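# Understanding the architecture of this molecule
So you can see what is in the structure, the chains are spelled out below.
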Amino acid sequence: MRIGMQTWGSEGDARPFLALGLGLARAGHRVTLAISCPDGLEALRIPEHTNLAVLEAGRLAGDQQELDGRKRLFARLFRNRNPLTQLKMVLAEYYDPFVGEMYDESVRLCADNEIVVSHFVTSTLPMAARKAGRPLVSVATSPYLPTRELVPPGMPRLGGLANLMMWRLGLHLLNRACQPGIDTLCSRESIKPVPRLIDLIDRAALNLVAVSPTLSPRPSDWRDSVYVSGFLNPPSSQTGGELPPVLEAFLAAGSPPVYITFGSMVALDPDPTQVTRTVIDAVKQTGCRAIVQSRWDVVAARPSDPNICCIESAPHNAVFPRCAAVVHHGGAGTTQSAVLARRPSVVVVHMTDQLYWGSVLHRLRVAPRFIERRSLTAKKLARAIRCVLDNPGMRERAERLGEHMRNEDGVATAVDLIDRHFGRPAAPGISE
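Note that the structure is predicted; figures quoted are calculated from it, not measured.

## Digging into the overall build of the protein chain
Scanning the protein chain for helices and strands turns up 17 helices and 13 strands. For the protein chain, the proportion of its 432 residues judged to be buried stands at 57%. Long-range contacts, defined as pairs at least 24 residues apart, comprise 64% of the intrachain contacts of the protein chain with a sequence gap of at least 6. As presented, the protein chain carries roughly 17,900 Å² of accessible surface, and 51% of it is formed by carbon and sulfur atoms.

Written out as structure tokens, the structure reads:
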């Protein structure tokens with residue numbers, strides 16, 4: 001089949017789609033993946049495959065003025081406690097300006113392919129598919145549909161009815177956050193008005209929630225068209241499996257260190273120097289060995305401490321298993337990579353769905369209660385790291401969860417689901 005895919009967001013939003021696109025291409029499908037990423041595609045390893053074409057559809061200028069504006073936005077985000085309000089702010093700044101260019105690409109994807117696969121937050125491809133009559137697959141990287149069985153992000157256990165009501169409220173607020181982009185497209189393209197994003201998603205022939213069922217099992221009260229496929233984990237060949245020599249030498253020189261990364265959050269942090277100093281101070285208070293991943297080009301000078309290795313990046317699948325624990329921001333990909341590596345976590349939540357993953361790891365008892373970025377101090381972080389390192393039960397539970405996850409293959413499951421739903425000849429109007 002010819003399959004068109006489209007995603008929008010950070011590097012973490014793009015990687016699962018790259019993994020799925022490569023899996024579909026290896027299964028013999030011809031895949032076109034359009035990525036709209038504010039930072040561009042430079043940070044991604046784009047795999048070479050004859051059946052996979054990757055396109056860039058929309059990015060920001062990347063100059064100093066734009067970066068300064070982004071930092072001001074994220075300063076407001078980190079002060080806000082409501083994840084849906086945070087999402088609305090991000091959409092207004094980084095989605096709505098791209099919506100016309102993204103929709104034009106969506107139209108081309110629908111014209112050139114038999115089925116289309118969309119990130120669940122984006123409206124452009126579902127709208128184009130609706131207009132063109134193309135079958136749609138919606139992919140989410142975190143649970144979002146109302147259910148009695150999952151506790152919503154950041155909420156205590158209050159029972160099934162409370163869970164259902166809070167998930168419904170969250171979905172209502174998600175619809176409101178996405179509505180401006182939908183209304184703009186409806187007006188521009190003379191499309192019949194669409195009342196809500198969820199109405200577009202509900203029209204999908206197949207909904208994939210790309211999370212590990214070990215961490216977030218499929219609720220029994222979701223509709224039949226929704227499947228939990230598993231973590232869309234890029235293969236080692238895509239992420240790069242070799243570690244820099246300086247990192248290899250550090251790992252070999254002593255006991256397993258703590259790996260500390262806040263991913264793309266560091267570059268967007270209103271004060272990256274301050275947060276990196278906080279991390280360094282926490283490591284020194286803890287007395288552990290640590291690998292600190294940061295944007296060292298935009299923060300203070302690297303510390304000269306033999307117990308601290310400073311790096312720009314490293315493939316998670318190669319380095320996490322060799323560490324004692326992982327300190328991270330609670331992104332869906334980093335969270336699941338840490339569990340897959342069988343390592344406990346410390347989560348410093350910055351925004352949106354990171355609340356959910358921080359809560360999940362805490363409930364599974366493989367992480368202490370998450371810390372919020374706006375209240376992060378060296379003392380709090382050091383205490384959380386010490387809690388993990390001094391807790392053999394937490395390490396044992398992480399080992400067991402990781403073993404369960406290793407029996408999953410989210411990409412293979414997603415490809416199989418798409419094949420079983422859409423394994424058919426080319427749709428009318430598609431020329432060979």
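Read on, since the account is not over.
## Some words on the nonpolar core
Counting 98 residues, the largest nonpolar core has Trp8, Phe262, Val327 and Leu381 as its most contacted members. With 31 residues, the next largest nonpolar core counts Leu22, Leu52, Val117 and Phe422 among its residues.

## Topic: the pairing of strand S10 (residues 308–311)
Side chains Ile308 and Cys310 project from S10 onto one buried face, and the interleaved Cys309 and Ile311 project onto a second face that is buried too. In the sheet, strand S9 (residues 290–293) pairs with S10 via four bridges, with the strands oriented parallel. Residue pairing in the sheet places alanine 290 in a bridge with isoleucine 308 of S10.

## Looking at the confidence of the model for the protein chain
Fine structural detail should not be taken from predicted coordinates in areas where pLDDT scores are low. Residue-level pLDDT values for the protein chain average 86, and 88% of them are 70 or greater. Scored below 50 in pLDDT, residues 425–432 makes 14 contacts in the model with residues more than four places away or belonging to other chains.

## Some words on the sheet that holds strand S11 (residues 325–328)
Taken in spatial order, the six strands line up as S10-S9-S8-S11-S12-S13 in an open sheet, and their pairing is parallel. A strand with exactly one partner marks an edge of an open sheet, and here the two such strands are S10 and strand S13 (371–372). Where strand S8 (residues 258–260) meets S11, three bridges bridge the pair, whose relative direction is parallel. Within S11, the residue paired with tyrosine 259 across the bridge is valine 326. Sitting on the sheet, helix H14 (residues 354–363) touches S11 and strand S12 (345–349), and the angle it makes with S12 is about 150 degrees. Sheet strands in contact with helix H15 (residues 378–389) are S8, S11, S12 and S13, and its direction is about 155 degrees off that of S12.

## Description of the sheet that holds strand S2 (residues 30–36)
Here we have seven strands laid out as an open sheet, ordered S3-S2-S1-S4-S5-S6-S7, and parallel in their pairing. A strand with exactly one partner marks an edge of an open sheet, and here the two such strands are strand S3 (52–56) and strand S7 (226–228). Ignoring which end each strand starts from, the neighbouring axes of this sheet average 20 degrees apart. Along the sheet face, helix H4 (residues 99–112) touches strand S1 (2–8), S2, S3 and strand S4 (115–119) and points at about 165 degrees away from the line of S1. Its contacts with the sheet put helix H5 (residues 124–132) on S1, S4 and strand S5 (136–140), and the angle it makes with S4 is roughly 155 degrees.

## As for the packing of aromatic side chains
Each aromatic ring pair is summarised here by two numbers: the centre-to-centre distance and the angle between the ring planes. One pass over the structure, following the stated rule, counts four aromatic pairs. Consider the rings of tyrosine 259 and phenylalanine 320, whose centres lie 5.3 Å apart with planes at 65 degrees: the pair is edge-to-face. Remark: phenylalanine 320 occurs in the loop between helix H12 (316–319) and S11 and tyrosine 259 occurs in strand S8; sequence separation between them is 61 residues. Since its relative accessible area comes to 0%, tyrosine 259 is described here as buried.

## Side note on unusual backbone geometry
Its identity is not glycine, yet arginine 342 carries a phi of approximately 65 degrees, on the positive side. Here the phi dihedral of arginine 365 falls at roughly 60 degrees; this positive angle occurs in a residue that is not glycine. Here arginine 365 shows up in the loop between H14 and S13.

## With respect to helix H9 (residues 245–252)
For H9, every residue scored as buried is listed here: Leu247, Phe250 and Leu251. With its buried residues spanning 100 degrees around the axis, H9 presents them on a single face. Among the exposed residues of H9, those oriented more than 90 degrees off its buried face are Pro245 and Ala252. If you follow the buried residues of H9, they end up packed against S9, S10 and H12.

## Digging into the environment of leucine 169
Structurally, leucine 169 can be placed in helix H6 (residues 160–189). In this structure, the C-alpha to C-alpha distance between leucine 169 and proline 146, residues 23 residues apart in sequence, is 8.8 Å.

## Points about the side chain of serine 216
Looking at where serine 216 falls in the secondary structure, it is placed in the loop between strand S6 (206–209) and S7. Looking at serine 216, its side chain comes within polar contact range of the side chain of tyrosine 356, at 2.6 Å. Apart from residues no more than four positions distant in its own chain, serine 216 is found in contact with Pro143, Leu150, Val211, Val228 and Tyr356.

## With respect to the packing of H4 against H5
At a minimum axis separation of 8 Å, H4 and H5 run at an interaxial angle of 45 degrees. Taken together, H4 and H5 sit at an angle that is classed as oblique. Read as a crossing pair, H4 and H5 show a hand that is right-handed. Residue-level contacts link Val99, Met102, Tyr103, Ser106, Val107, Leu109 and Cys110 of H4 to Thr124, Leu125, Met127, Ala128, Ala129, Lys131 and Ala132 of H5.

## Some points on the packing of helix H1 (residues 11–26) against helix H17 (residues 410–422)
Contact geometry of H1 with H17 gives a least axis separation of 9 Å together with a crossing angle of 60 degrees. Comparing their axes, H17 and H1 come out oblique. Like other packed secondary-structure pairs, H1 and H17 cross with a definite hand, here right-handed. Of H17, the residues touching H1 (which contributes Ala19, Leu20, Gly23 and Leu24) are Val411, Ala414, Val415 and Ile418. Partitioning the contact of H1 with H17 into residue classes produces seven nonpolar, one polar and no charged.

So, how was this worked out
Residues take numbers from 1 onward in each chain, read along the sequence in its written order. Owing to the predicted nature of the model, reporting of local features is limited to residues with pLDDT of at least 70; listing and counting of side-chain atom pairs is limited to 80 or more, with chain, interface and lining totals taken over all residues. To obtain the side-chain values, all non-hydrogen atoms of the structure were used and water was disregarded. Helix and strand labels come from DSSP, where a helix needs a run of H or I of at least four residues and a strand needs a run of E of at least two; each type is numbered from the N terminus. When a residue's accessible area, from a 1.4 Å probe over protein chains only, is under 20% of the maximum for its type it is buried; when over 50% it is exposed; and in between it is partly exposed. Pairs of residues are marked as contacts when any of their non-hydrogen atoms sit within 4.5 Å. Here the open area of atoms and residues is found with the Shrake-Rupley method and a 1.4 Å probe, where only the protein chains shown may cover a residue. To define a nonpolar core, start from buried Ala, Val, Leu, Ile, Met, Phe, Trp, Tyr and Cys residues and group those joined through side-chain atoms within 4.5 Å. By this definition, two strands are paired if DSSP reports at least two bridges between them. Known as pLDDT, the predictor's per-residue confidence is scaled from 0 to 100. An axis is simply a line fitted to the C-alpha atoms; with a helix, the fit covers only the stretch in contact. Between two such axes, the angle follows the N-to-C directions and lies from 0 to 180 degrees. Pairs were defined over the aromatic rings of Phe, Tyr and Trp, the Trp ring being its six-membered one, requiring ring centres within 6.5 Å. Orientation was assigned from the angle between planes: stacked under 30 degrees, edge-to-face over 60, tilted for the rest. Read the arc as the range of directions from the helix axis to the C-beta atoms. In protein, a polar contact means a hydrogen-donor-capable atom and an acceptor-capable atom, both N or O and within 3.5 Å, with residues adjacent in sequence counting only if both atoms are side-chain atoms; elsewhere, any N or O pair within 3.5 Å suffices. Roughly parallel refers to an angle under 35 degrees, roughly antiparallel to one over 145, roughly perpendicular to one between 65 and 115, and oblique to any angle outside these ranges. Crossing handedness: left-handed means the near helix sits turned counterclockwise from the far one by under a right angle, and right-handed means the same turn made clockwise. Put simply, Ala, Val, Leu, Ile, Met, Phe, Trp, Tyr, Cys and Pro go in the nonpolar bin, Asp, Glu, Lys and Arg in the charged bin, and everything else, Gly too, in the polar bin.

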